[in-house]
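# Fold and contact review
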Amino acid sequence: MTSVRVERLYKIFGPQPTEAMRRLDRGEEPDARNTAAVVDASFTVDEGETFVVMGLSGSGKSTLIRMLNGLLAPTSGQVFVGDTEITGMSGRELRGVRQRTMSMVFQHFALFPHRSVLDNAGYGLRVCGIGKDEIASRAREALGMVGLEGWEDRYPQQLSGGMRQRVGLARALAAGTDVLLMDEAFSALDPLIKREMQDQLLDLNAQLSKTIIFITHDLNEAMRLGDRIAVMRGGRIVQIGTAGQILREPADDYVAEFVRDVDRSRVLTAAALADPAATAGDGTEPVPAHTPVRDLFALFGSSGRPIPVVDRGRVLGAVTPEAVFAALSHRTEEAADA
Ligand SMILES: Nc1ncnc2c1ncn2[C@@H]1O[C@H](COP(=O)(O)OP(=O)(O)OP(=O)(O)O)[C@@H](O)[C@H]1O
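Parameters at a glance
Residues numbered from 1 in each chain as written. Predicted model: local features only at pLDDT ≥ 70, side-chain atom pairs only at ≥ 80, totals over all residues. Helix = DSSP H or I, 4+ residues; strand = E, 2+ residues; numbered from the N terminus. Rg over C-alpha atoms; globule rule 2.2 N^0.38 Å. Contact = placed C-beta atoms within 7 Å. Domains from an automatic or database assignment. Nonpolar A, V, L, I, M, F, W, Y, C, P; charged D, E, K, R; others polar. Pairing = 2+ DSSP bridges. Axes fitted to C-alpha atoms, helices over the stretch in contact; angles between N-to-C directions. Near = placed C-beta within 6 Å. Expected span 1.5 Å × (residues − 1). Buried ≥ 20, exposed ≤ 12 C-beta atoms within 10 Å, placed from the backbone. Arc of directions from axis to C-beta.

## Quick notes on the overall build of the protein chain
- On a plain count of helices and strands, the protein chain comes out with 14 helices and 13 strands.
- Computed over C-alpha atoms, the radius of gyration of the protein chain comes to 21 Å, within 12% of the 20 Å expected from 2.2 N^0.38 for 338 residues, which places it in the range of a compact globule.
- By principal-axis analysis of the C-alpha atoms, the protein chain measures approximately 60 × 60 × 35 Å.
- Sequence-distant contacts, at least 24 apart, represent 66% of the contacts inside the protein chain between residues at least 6 apart.

Rendered as structure tokens:
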């Protein structure tokens, strides 16, 4: 398993990046010819964690993710994949890291129209010196994981948008890399399909435990998927936290405004409210970590017994009706204060 660590990462586009960085360090804005796309980003994504980078258009998300796999060189700062620093690596070395360790899933699928679904899913393996049969078998297995068994011989134009994105995901899974970078991967999909894909990603990752860095401008998506979320604004990361932390303690007015209209019962998960010290009622069925809080209401029933929460076979704790009530009433109190 592989973690990803970023230290004091900057990317300035323009003719005078060094001068622009000096200005930023002095607390000034760069002059108009230079764009500070990413400013002083530092974080660690743990092994097996889903880390979502969320922000409005132009906040620097794509620039950040492209520096993580070396598609863009930072102006300053370091990126570590596992124990290996990738900043400063040659193009050849970087391609090696991408083949072995990091796969990317794009918004617009990036499928080859004249290749079959099977060929598309196995495409990333062609450059790895693996035999044809093994490529086909790994691609088949990955297509099975995303629910596309039986579609191997079709072509991309015969598939719906959601299915195409499943092929994109299967390609990344077939590559067998520990890290998945997903850039607005579900943003082009209809809301219902998008939700299905989110569910599938959550289910898959409960089994596979990949390290996922997921870019989105959709706060609801960020909160559903992310173990932690980094909120970006104007190139800077203004807050990193769990969905619960960001909802309860937004770092500033900008984040507070952003989260104001979120439907907490949908985005808060059982894991976010699980108390390790709470004991579950005897015989109460556990729920998976990513169960939305609103699905717990019916499960409490009339007994109101705490519900245990499990993640990959491990009990995280239990959710009490009081914890749910407190989390959901927060917004109501705010509304009453306003
Ligand atoms: N190659 C480039 N040259 C100059 N400026 C760039 C370049 N790429 C990005 N920028 C600028 O950097 C800033 C951050 O862009 P970026 O694409 O990373 O944001 P984003 O949050 O991913 O936005 P979106 O969701 O619209 O893709 C923007 O002001 C953008 O105009």
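We are not done yet, so read on.
## Section: the domain arrangement of the protein chain
- Examined at the domain level, the protein chain breaks down into domain 1 (1-101 + 206-262) and domain 2 (266-337).
- Every contact between the two is made by 10 residues of domain 1 and, on the other side, 8 residues of domain 2.
- Broken down by secondary-structure element, the contributors of at least two residues to the side of domain 1 that touches domain 2 are α8 (219-225) and α9 (243-248).
- Within the side of domain 1 that touches domain 2, the residues separate by chemical class into 4 nonpolar, 4 polar and 2 charged.

## A closer look at the sheet that holds strand β3 (residues 50-54)
- One open sheet holds the 6 strands; their spatial order is β6-β7-β8-β3-β9-β10, and the pairing between them is mixed. The two strands at the open ends of the sheet, each matched to only one other strand, are β6 (102-105) and β10 (236-241). Averaged over all pairs of adjacent strands, the angle between strand axes in this sheet comes to 15°, irrespective of strand direction.
- Of the pairings in the sheet, the one linking strand β9 (residues 228-233) to β10 comprises 5 bridges and is antiparallel in character. Residue pairing for β10: Ile 229 is matched across the bridge by Gly 241.

## Some remarks on the site of the ligand
- Taken together, Phe 13, Thr 35, Ala 37, Gly 55, Ser 57, Gly 58, Ser 59, Gly 60, Lys 61, Ser 62, Thr 63 and His 217 are the residues near the ligand.
- Every element with two or more residues in the shell around the ligand is listed here: β2 (35-45) and α2 (61-68).
- At 3 residues, the largest contribution of residues to the shell around the ligand is made by α2.
- In terms of residue class, the shell around the ligand is built from 2 nonpolar, 9 polar and 1 charged.

## Here's the deal with helix α5 (residues 132-145)
- With 14 residues, α5 should reach 20 Å at 1.5 Å per residue; the first-to-last C-alpha distance of 20 Å fits that figure.
- Within α5, burial applies to Ile 135, Arg 138, Ala 139, Ala 142 and Leu 143. Seen along its axis, α5 keeps its buried residues to an arc of 140°; they face one direction. Residues of α5 that are exposed and point over 90 degrees away from its buried face: Asp 133 and Glu 134.
- Looking at the buried positions of α5, the neighbouring elements they touch are α4 (117-122) and α6 (161-174).
- Just downstream of α5 lies Gly 147, where phi reads positive at about 80°.

## What about the pairing of β6?
- Taking every second residue as pointing to the same face, both faces of β6 are buried, with Met 102 and Met 104 on one and Ser 103 and Val 105 on the other.
- Sheet analysis places β6 next to strand β7 (residues 179-183), joined by 4 bridges and oriented parallel. Looking at the pairing, Met 102 lines up with Val 179 of β7.

## Some points on α6
- Taking 1.5 Å per residue as the helical rise, α6 with its 14 residues ought to reach 20 Å, and the 20 Å between its terminal C-alpha atoms agrees with that figure.
- The buried count for α6 comes to 11 of 14 residues, which makes it a mostly enclosed element.
- Within α6 the residues assigned to the buried category are Arg 164, Gln 165, Arg 166, Val 167, Gly 168, Leu 169, Ala 170, Arg 171, Ala 172, Leu 173 and Ala 174.
- Against β6, α4, α5, β7 and α7 (191-208) lie the buried residues of α6.
- Of the residues flanking the end of α6, it is Gly 176, one or two places downstream, whose phi is positive at about 70°.

## A look at unusual backbone geometry
- In the Ramachandran plot, Arg 8 falls in the positive-phi region, its phi being about 45° despite a non-glycine side chain.
- Here Arg 8 lies in strand β1 (residues 4-13).
- Phi angles above zero are rare outside glycine, and Arg 312 is one such case at about 50°.
- Mapped onto the secondary structure, Arg 312 falls in the loop between β12 (307-311) and β13 (314-319).

## A short note on the sheet that holds β13
- In spatial order, the strands read β11-β12-β13; together these 3 strands make up an open sheet with mixed pairing. Strands at the two margins of the open sheet, each flanked by one partner only, are β11 (287-288) and β13.

## As for the environment of Leu 202
- Within the secondary structure, Leu 202 is located in helix α7.
- When the C-alpha atoms of Leu 202 and Asn 69 are compared, they prove to be 23 Å apart, with 133 residues separating the residues in sequence.
- The residues contacting Leu 202, other than those within four sequence positions of it, are Leu 225 and His 290.

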